[in-house]
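# Results of the structural survey
For reference, the chains in residue letters:
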Protein chains: 2
Amino acid sequence: MAKAALKAAMKKRTAPKEERQQQLIRATIRSVAKNGLSDTTMATVSRQAGLSQGIINLHFQSKDRLLVETLRYLSEQYRETWERALAKAGDSPADKLAAMVAIDFKPPVCDPNKLAVWFAFWGESKSRPTYRKICASRDMAYRAEMVQVCQQLVEEGDYHDVDAATVAAGISAMTSGLWLDLLTSPRSMTRERALQICQAYLAITFPNHFS
Amino acid sequence: MAKAALKAAMKKRTAPKEERQQQLIRATIRSVAKNGLSDTTMATVSRQAGLSQGIINLHFQSKDRLLVETLRYLSEQYRETWERALAKAGDSPADKLAAMVAIDFKPPVCDPNKLAVWFAFWGESKSRPTYRKICASRDMAYRAEMVQVCQQLVEEGDYHDVDAATVAAGISAMTSGLWLDLLTSPRSMTRERALQICQAYLAITFPNHFS
DNA sequence: ATCAAATGAATGATTGTTCATTCATTGCAA
DNA sequence: TTGCAATGAATGAACAATCATTCATTTGAT
């Protein structure tokens, strides 16, 4: 959806269904970041959106559905950002890997509010299979691609001691771990520093490609 | 506290204050793991403990305090486990680092329920300074020690291209990232595999010590 | 017998949801 | 253009359900 349309939706008293839904999802992200998931109510979200109480049930039927759609929105946005970056990147596996790592530490993916929401959902995921499924679908394509890229790098660079699947899992884990640092200690961790830490891992693992 | 005392507390109708408190904290961990933080109520916790509704207010005054004390309990337990492992380990920095990494993927730290609770609190930490402070105090000592150990390794092994602070941050991030995998995809990630991924990182970074 | 520990019904506050009403936009006739 | 229904989006007060907390009463250990 165009940003212009969303801004229009926020000013007009009535707006098309899809625009209002996205406006409410964005308000949910702000509310969860500000109040936490357990203090996010229909009232805090509708207030964030500058709309009335009943608006969420009108567009999403229930609070549960609003939350699920918010997670789906984040998941979709991540996938789009990732696929776009991969399309832009060069054909070499090194370029691809560099691009995949880079987007994880730049907007729109690496945004303080969105990270807070990701962790809020992860924190509930053990008791909510629906959340787990949405998260899993995000991971699958991403990880498959990363293993493949690492495998190509291993072959290209004759890194005999490197296991592609292991490194891929390591990079992916390091990324979410650095997101946690960005969330819990924003004073001592920055996006730039996080990217640097990740790149150091690439450099020592694939020295012929990243040094 | 001794385990025997806790078991006694669970059977007796009355028990010393400290035993009941720990019993309730353990019940909280189970409830948060099972129901999530936002569906954890005074009723679910007291039911888990096999006690009555009012018992929590009697021992913790409020729900908020119960949750804070639960986080503190986890934080303390982590610190104790870590310090004990370090005391047991040899004097060489390699032994120390291996020990620090190992405990992160073994009980009692690496337990499915406890991981779920850690992430539940992290997910709320942006909106709750109290949670952030408790988490920060856990990190500080741990990270300081890890940087120091990595620094010693770098000097010992002449790893001129390795920056100790960067590697330390990378290991720490990879650990929490692997915890997330254990939480969200317990079918495809095991503690053994997670430890292996971490050790591969150590091996490639400090080949003279971990190969 | 005493008294701290534990209970669980009662209470007030909060929350998600509903729905009758209000309001703005759109299409159409004059 | 101007006036006027018709449509459906948005509102917000009201409702029912849930929850944390309180406290008079009960229980059991010393």
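Residues numbered from 1 in each chain as written. Chains lettered and ligands numbered in written order. Predicted model: local features only at pLDDT ≥ 70, side-chain atom pairs only at ≥ 80, totals over all residues. Heavy atoms only, no water.

### Brief notes about the pattern of salt bridges
Residue and element names in this part refer to chain A.
- Per the counting criterion, the structure on display carries 16 salt bridges over all chains.
- Taking the shortest distance from any N to any O, the salt bridge between R143 and D139 comes out at 3.8 Å. Placement of both R143 and D139 in helix α8 (residues 129-157) is noted, with a separation of four residues, approximately one turn of the helix.
- Among the residues examined, R143 registers a relative accessible area of 23% and is labelled partly exposed. (Salt bridge = Lys/Arg side-chain N within 4 Å of Asp/Glu carboxyl O. Helix = DSSP H or I, 4+ residues; strand = E, 2+ residues; numbered from the N terminus. Buried < 20%, exposed > 50% of the residue type's maximum accessible area, 1.4 Å probe, protein only.)

### Considerations on the protein's contact with DNA strand D
- Near DNA strand D lie 20 residues; those nearest to it are A:R20, A:S52, A:H59, B:M42 and B:K63.
- Put simply, 79% of the atoms of DNA strand D that lie within 4 Å of the protein are in sugar or phosphate.
- No other element matches helix α4 (residues 55-60) of chain A, which puts three residues into the surface near DNA strand D.
- Its residues assigned to classes, the surface near DNA strand D comprises five nonpolar, 11 polar and four charged. (Near = heavy atom within 4 Å. Nonpolar A, V, L, I, M, F, W, Y, C, P; charged D, E, K, R; others polar.)

### Points about the domain arrangement of chain A
Residue and element names in this part refer to chain A.
- The domain boundaries assigned to chain A delineate domain 1 (1-61) and domain 2 (72-211).
- When each unit is reduced to the centre of its C-alpha atoms, the spacing between domain 1 and domain 2 is 29 Å.
- Counting residues at the interface gives eight residues for domain 1, matched by eight residues for domain 2.
- A buried area of about 700 Å², summed over both sides, lies between domain 1 and domain 2, and 84% of it is on carbon and sulfur atoms.
- Considering only the side of domain 1, the residues that lose the most area to domain 2 are I29, A33 and L37, jointly responsible for 63% of the buried surface there.
- Here domain 1 and domain 2 share zero residue pairs in polar contact (both at pLDDT 80 or more) between them. (Domains from an automatic or database assignment. Contact = heavy atoms within 4.5 Å. Buried area = accessible area lost by both parts, 1.4 Å probe. Polar contact = N/O pair within 3.5 Å; in protein donor to acceptor, adjacent residues only side chain to side chain.)

### What to know about the relation of the copies chain B and chain A
- You can overlay chain B on chain A at an RMSD of 0.0 Å; the transform is a turn of 180° with a shift of 0.0 Å along its axis. As the rotation angle and translation indicate, the two copies are arranged about a two-fold axis.
- Here 100% of the interface residues in chain B have copies in chain A that are interface residues too; the copies meet face to matching face. (Least-squares fit on C-alpha atoms with pLDDT ≥ 70 in both.)

### Re the packing of α8(A) against helix α9 (residues 164-184) of chain A
Residues and elements named next belong to chain A.
- One can describe the packing of α8 onto α9 by two numbers: an axis separation of 8 Å at closest approach and a directional angle of 130°. The pairing of α8 with α9 is recorded here as oblique in orientation. Here α8 runs over α9; the crossing is right-handed. On α9, the residues touching R138, Y142, R143, M146, V147, C150, Q151 and V154 of α8 are A164, A165, V167, A168, I171, S172 and W179.
- For the contact of α8 with α9, a count of residues per class yields 11 nonpolar, two polar and two charged. (Axes fitted to C-alpha atoms, helices over the stretch in contact; angles between N-to-C directions. Parallel < 35°, antiparallel > 145°, perpendicular 65-115°, else oblique. Left-handed = near helix turned anticlockwise from the far one by under 90°.)

### Digging into unusual backbone geometry
Residues and elements named next belong to chain A.
- In the segment running from P107 into P108, the intervening peptide bond is cis, with an omega of 5°.
- Mapped onto the elements, P108 comes out in the loop between α6 (93-103) and α7 (112-124).
- Its identity as a non-glycine residue notwithstanding, D158 has a phi of 55°, on the positive side.
- Here D158 lies in the loop between α8 and α9.

### A closer look at the interface of chain B and chain A
- Listed by partner, the interface residues are 42 residues for chain B and 42 residues for chain A.
- Carbon and sulfur atoms supply 59% of the area buried between chain B and chain A, which totals about 3,400 Å² over both sides.
- The interface formed by chain B and chain A includes four salt bridges.
- Ionic pairing is found between A:R143 and B:D181, a salt bridge with its closest N-O pair at 3.0 Å.
- Connecting chain B to chain A are 16 residue pairs in polar contact (both at pLDDT 80 or more).
- Only α2 (17-35), α7 (112-124), α8 (129-157), α9 (164-184) and α10 (191-205) of chain B provide two or more residues apiece to the side of chain B that touches chain A.
- Among the elements that make up the side of chain B that touches chain A, the one with the highest residue count is α9(B) (13 residues).
- Partitioned by chemical class, the residues of the side of chain B that touches chain A number 19 nonpolar, 13 polar and 10 charged.

### Topic: the nonpolar core
- One finds A:L97, A:W179, A:F206, B:L97, B:W179 and B:F206 to be the most contacted residues of the largest nonpolar core, which totals 142 residues.
- Beyond its immediate stretch of four places on either side in the chain, A:F206 contacts A:L97, A:C150, A:L153, A:V154, A:Y159, A:V162 and A:V167. (Core = buried A, V, L, I, M, F, W, Y, C linked by side-chain atoms within 4.5 Å.)

### Focus: the packing of aromatic side chains
All names here are of chain A.
- For the coordinates displayed, the defined rule picks out 20 aromatic pairs over all chains.
- Taking 6.0 Å as the distance between ring centres and 65° as the angle between the ring planes, the aromatic pair formed by W82 and Y142 counts as edge-to-face. Here the residue W82 occupies a position in helix α5 (residues 63-88), and Y142 occupies one in helix α8, the gap between them amounting to 60 residues. By the burial criterion, W82 is buried, and Y142 matches it.
- The aromatic ring of W118 is capped on one face by R138, whose charged end is 5.0 Å from the ring centroid. (Phe/Tyr/Trp six-rings, centres within 6.5 Å; stacked < 30°, edge-to-face > 60°. Lys NZ or Arg CZ within 6 Å of the ring centre and 35° of its normal.)

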